[in-house]
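This is what each chain is made of:
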Amino acid sequence: MTHQGEVLLAVNGLKTYFSTDDGVVKSVDGVTFHINKGETLAVVGESGSGKSVTSLSVMRLIPTPPGKIVEGEILFTGKDGVQKDIVKLSEADMRKIRGNDISMIFQEPMTSLNPVYTVGDQIAEAVMLHQGKNKKDAMGVATDMLRFVGIPAPEKRVNEYPHQMSGGMRQRVMIAMALSCKPALLIADEPTTALDVTIQAQILDLMRKLQADVGMSILFITHNLGVVAEMADRVVVMYGGRVVEEGDVVEIFKAPRHPYTMGLLNSIPRPGEAHEPGQPKGRLEAIPGNVPNPLSLPPGCAFEPRCKFAVPDCSKAVPALEDTGHGHMSRCIRWRDFAQAQNEVTA
Amino acid sequence: MTATTAQTRRSMPATGDTLLDVQNLEKYFPIRGGLLSRVVGNVKAVNDVSFKIGRGEVVGLVGESGSGKTTAGRAILRLIEPTGGQVLFNGTDITKLSKGQMRDYRREMQIIFQDPFASLNPRMTVSDIIGEAMQIHNLHPGKGRIDRIAELLQKVGLRPEHMRRYPHEFSGGQRQRIGIARALAVDPAFIVADEPVSALDVSIQAQVVNLLQDLQEELGLTVLFIAHDLAVVEYICDRIIVMYLGRVMEIAPSRQLNTNPKHPYTEALLSAAPVPDPTVKRQRIILEGDIPSPINPPSGCVFRTRCRYAIADCANIVPELREVSPGHFKACIRDDIL
Ligand SMILES: Nc1ncnc2c1ncn2[C@@H]1O[C@H](COP(=O)(O)OP(=O)(O)OP(=O)(O)O)[C@@H](O)[C@H]1O
Ligand SMILES: Nc1ncnc2c1ncn2[C@@H]1O[C@H](COP(=O)(O)OP(=O)(O)O)[C@@H](O)[C@H]1O
Ligand code: SF4
Ligand code: SF4
Ligand SMILES: [Mg+2]
Ligand SMILES: [Mg+2]
């Protein structure tokens, strides 16, 4: 639950570009959103829409060159209570924030785990760096963290190497490492995408419990709308490097105000909708067309070539992100039509 | 052959004209140890698996990772050699064929790989990657090949101009699509699709599911669709096979499996799937722990260590796959549950 809307992270007009042989890729092109203390914000969107580049920008882990944050601010209030603009911090100051105030977990745990060190050593290293503890105490913290994330026999596991563990267990170790310094913000980039539903259920359950315990905020990047429904307080929908919709999770699912979001919701198979034997199979309502070319986005609304509601005005200018009510934002010039249509249905 | 395996084989549903008949398939990976590198044990990745797939049928294969889905799929295609059992393709036992004789079958039987990152050569352009199999089988020679590659790219949600690029220039989802285009390149009759949509965006997932459905109807394509997302499998498949720790737990028509699962493992899998509705809060069965090691699988029913219905007998008897209603099979000794 949120703490009265106290803002932890505010990303304003962020632009992160990459220069490639073919031209400049505007991976993140004027992205604005915020995360309140203790809340989970889910970021969803097409592959290549800029979700990972946004989160790597917040961590200041954009490979430079070819990438660069060219504009915008990332205001973050760390554990010291002081608001800083991450874009302007020195690398030395950033190192104090990474793994301490903001941690990140990935889809593939081996991107953050080192195969040649025991999991205990790896967790202890972060604890020694950020909390000034000695090796012995840091190993104690590591053991506690492994127990905290539900790893059986943590005293024994702390001396094992990542390859001695299953995928689900490595994910837990990575979470243990990410949480060892009790960060204010956890960025989770598709943390359960590679896992089985049974292990995913375990990890999501764990993340919810830990969040309640530690009180951190979570920036949860995922493609899985089921996971969004289960984890998020609010949702940001990205398309072509921009935010196209933002709002409360129930609103987004019940009353989407952007055709891309509507398309996403219609395209997921719902459990229990299988065809009867002998009957024709159902058909998913796919969004037509392809992911836009980031090198040549359509001039107006980036979704226009795939949008069944498009009108000539849609290609004139990039629609503004407008408040449709109660902070539910949409970057579509026709959002009023959808609101009205829905009112007529419910009336 | 034991009574159980004979029973297992007889009870498989036959759907019209059978294209693929998998009989008691087994794949053990030897574990070597000690100074003399003796075989000290076996990973029982696939253990006595039997099923049939009718021509033009789409059959789902689901289960947690490590349950043997990929191994079964690859053993069927002889991308790895089975250690036991038969695979009849169009009536021919392909496990008995020589490498040369297999060549003609290879084009007929394609696979969409689970991990496109590992399977895309970083030094090859997209057009080389997709064109490679066409070249091996001498398909679409000359100018036609480029057109075909362009067409395939569009089919999988990419653009023709992508063909000159290298894998690293694509995001995760885009790379997965290249892998799919490569498998479709040689117009196969049978496809093992090993988690082909798991890594895709929802909007593209729907396109690919629809695409596979279109191709299937258009060409009478036969598909073994491996996945862990039951909702997707349910949509695209006629029947679903549920595996756990190398063995088949349940086989049923899609709808029946989802609305009326008869095996405790299927029940748990269905319950674990997140529901895309934020107003639904439901009690879920969280399976504790991981799938046990296939080197020393539990005695009796392999699922018993995580089964909430397990009784003493479950440790003693390997449950046979029994038909509990027409076309619905389960490998569980208890009939007083579910
Ligand atoms: N190192 C790089 N060089 C050039 N372009 C890049 C680089 N990294 C990312 N991009 C481009 O930036 C855009 C956004 O990529 P990003 O990784 O943020 O996508 P994403 O939303 O996380 O997608 P996915 O769902 O596939 O993970 C894409 O067009 C991608 O090709
Ligand atoms: N080449 C191999 N050598 C040894 N064990 C293997 C090999 N390939 C797969 N296995 C093991 O076989 C079991 C089944 O694996 P797999 O078929 O990949 O499962 P799934 O596709 O269902 O996730 C796993 O325990 C796996 O570790
Ligand atoms: S602005 Fe126009 S094209 Fe864009 S989403 Fe709205 S209706 Fe569709
Ligand atoms: S045989 Fe026993 S342990 Fe196995 S699924 Fe049935 S009840 Fe559970
Ligand atoms: Mg990403
Ligand atoms: Mg697999």
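Residues numbered from 1 in each chain as written. Chains lettered and ligands numbered in written order. Predicted model: local features only at pLDDT ≥ 70, side-chain atom pairs only at ≥ 80, totals over all residues. Heavy atoms only, no water.

1. Some thoughts on the nonpolar core
Buried together is how nonpolar side chains tend to be arranged in soluble globular proteins.
Moving on, step 1. Core analysis: the biggest nonpolar cluster contains 72 residues, and I130, I178, F225, I240, V242, Y265 and F303 of chain B have the highest contact counts within it.
Moving on, step 2. The element best represented in this core is helix α8 (residues 202-219) of chain B, accounting for seven residues.
Moving on, step 3. Excluding residues that lie within four positions of it along the chain, I240 of chain B makes contacts with G60, V62, L230, V233, E234, E250, I251, A252, S254, L257 and N258 of chain B.
Moving on, step 4. M169, A188, I199 and F220 of chain A belong to the second-largest nonpolar core, a separate cluster that totals 38 residues. (Core = buried A, V, L, I, M, F, W, Y, C linked by side-chain atoms within 4.5 Å. Buried < 20%, exposed > 50% of the residue type's maximum accessible area, 1.4 Å probe, protein only. Helix = DSSP H or I, 4+ residues; strand = E, 2+ residues; numbered from the N terminus. Contact = heavy atoms within 4.5 Å.)

2. Quick word on the pairing of strand β11 (residues 322-325) of chain B
Residues and elements named next belong to chain B.
Moving on, step 1. When β11 meets strand β12 (residues 328-330), the two strands line up antiparallel, connected through three bridges. If you follow S325 over to β12, its bridge partner there is H328.
Moving on, step 2. Linking two consecutive strands that pair antiparallel, namely β11 and β12, is a turn of two residues; a positive phi of about 75 degrees is found at G327 within it. (Pairing = 2+ DSSP bridges.)

3. Quick look at the sheet that holds strand β4 (residues 67-77) of chain A
Residues and elements named next belong to chain A.
Moving on, step 1. In space, the four strands of this open sheet follow the order β2-β1-β4-β5, with antiparallel pairing throughout. A single partner strand is all that each edge strand has here, and the edge strands are β2 (23-36) and β5 (83-85). Sheet twist, expressed as the average angle between the axes of neighbouring strands with direction ignored, equals 5 degrees.
Moving on, step 2. Alignment of strand β1 (residues 7-20) against β2, held across ten bridges, turns out to be antiparallel. (Axes fitted to C-alpha atoms, helices over the stretch in contact; angles between N-to-C directions.)

4. Observations concerning the domain arrangement of chain A
Residues and elements named next belong to chain A.
Moving on, step 1. Splitting chain A by domain gives domain 1 (1-101 + 183-269) and domain 2 (111-181).
Moving on, step 2. On a C-alpha basis, the centroid separation for the pair domain 1 and domain 2 is 25 Å.
Moving on, step 3. The partner domain 2 presents eleven residues to the 19 residues of domain 1 that form the contact.
Moving on, step 4. At the junction of domain 1 with domain 2, the criterion picks out four residue pairs in polar contact (both at pLDDT 80 or more).
Moving on, step 5. Breaking the side of domain 1 that touches domain 2 down by element, the ones donating at least two residues are α2 (91-97) and α7 (197-214).
Moving on, step 6. Broken down by element, the residue count for the side of domain 1 that touches domain 2 peaks at eight residues, all from α7.
Moving on, step 7. Taken together, the residues that form the side of domain 1 that touches domain 2 break down as eleven nonpolar, three polar and five charged. (Domains from an automatic or database assignment. Polar contact = N/O pair within 3.5 Å; in protein donor to acceptor, adjacent residues only side chain to side chain. Nonpolar A, V, L, I, M, F, W, Y, C, P; charged D, E, K, R; others polar.)

5. Considerations on the interface of chain B and chain A
The extent of an interface is frequently quoted as the accessible surface area lost upon association of the parts.
Moving on, step 1. The partner chain A presents 53 residues to the 55 residues of chain B that form the contact.
Moving on, step 2. Carbon and sulfur atoms supply 53% of the area buried between chain B and chain A, which totals about 4500 Å² over both sides.
Moving on, step 3. For chain B, the biggest contributors to the area lost against chain A are Y235, R255 and P276 of chain B; these three give 17% of the whole.
Moving on, step 4. The closest approach of N and O atoms between R284 of chain B and E230 of chain A, which form a salt bridge, is 2.7 Å.
Moving on, step 5. Between the two partners, chain B and chain A, sit five residue pairs in polar contact (both at pLDDT 80 or more).
Moving on, step 6. Of all the elements in the fold, those that place two or more residues in the side of chain B that touches chain A are α7 (172-184), α8, α9 (230-236), α10 (254-259) and α11 (264-272) of chain B.
Moving on, step 7. Sorting elements by how many residues they give to the side of chain B that touches chain A places α8 of chain B first, with ten residues.
Moving on, step 8. Considering only residue class, the side of chain B that touches chain A consists of 21 nonpolar, 17 polar and 17 charged. (Buried area = accessible area lost by both parts, 1.4 Å probe. Salt bridge = Lys/Arg side-chain N within 4 Å of Asp/Glu carboxyl O.)

6. Remarks on the UniProt feature "domain: ABC transporter" (unreviewed entry) in chain A
Moving on, step 1. Under the UniProt annotation, "domain: ABC transporter" (unreviewed entry) lies at residues 11-265 of chain A.
Moving on, step 2. The straight-line gap between the two end C-alpha atoms of residues 11-265 of chain A is 26 Å; of that span, 38% is helix and 28% is strand. (UniProt positions renumbered as here; feature names shortened; annotations may be inferred.)

7. A word on the environment of K136 of chain A
Moving on, step 1. With respect to the helices, strands and loops of the structure, K136 of chain A is situated in helix α4 (residues 135-148).
Moving on, step 2. For the pair K136 of chain A and A124 of chain A, spaced twelve residues apart in the sequence, the C-alpha separation amounts to 8.7 Å.

8. Some details on the side chain of Q110 of chain B
Moving on, step 1. Residue position: Q110 of chain B is located in strand β6 (residues 109-112).
Moving on, step 2. Aside from chain neighbours lying at most four places away, what touches Q110 of chain B is L77, A183, V186, P188, F190, I191 and V192 of chain B.

9. Re the pairing of strand β7 (residues 185-189) of chain A
Residues and elements named next belong to chain A.
Moving on, step 1. Buried residues dominate β7, accounting for five of its five residues.
Moving on, step 2. The alternating pattern of β7 places L185, I187 and D189 and L186 and A188 on opposite faces, both of which are buried.
Moving on, step 3. Alignment of strand β6 (residues 102-105) against β7, held across four bridges, turns out to be parallel. Note on β7: the bridge partner recorded for I105 is A188.

10. Topic: the site of ligand 4
Moving on, step 1. Around ligand 4, a shell composed of 13 residues is seen, among which C301, R304, C307, C314 and C332 of chain B lie nearest.
Moving on, step 2. Of the residues in the shell around ligand 4, the class split is ten nonpolar, one polar and two charged. (Near = heavy atom within 4 Å.)

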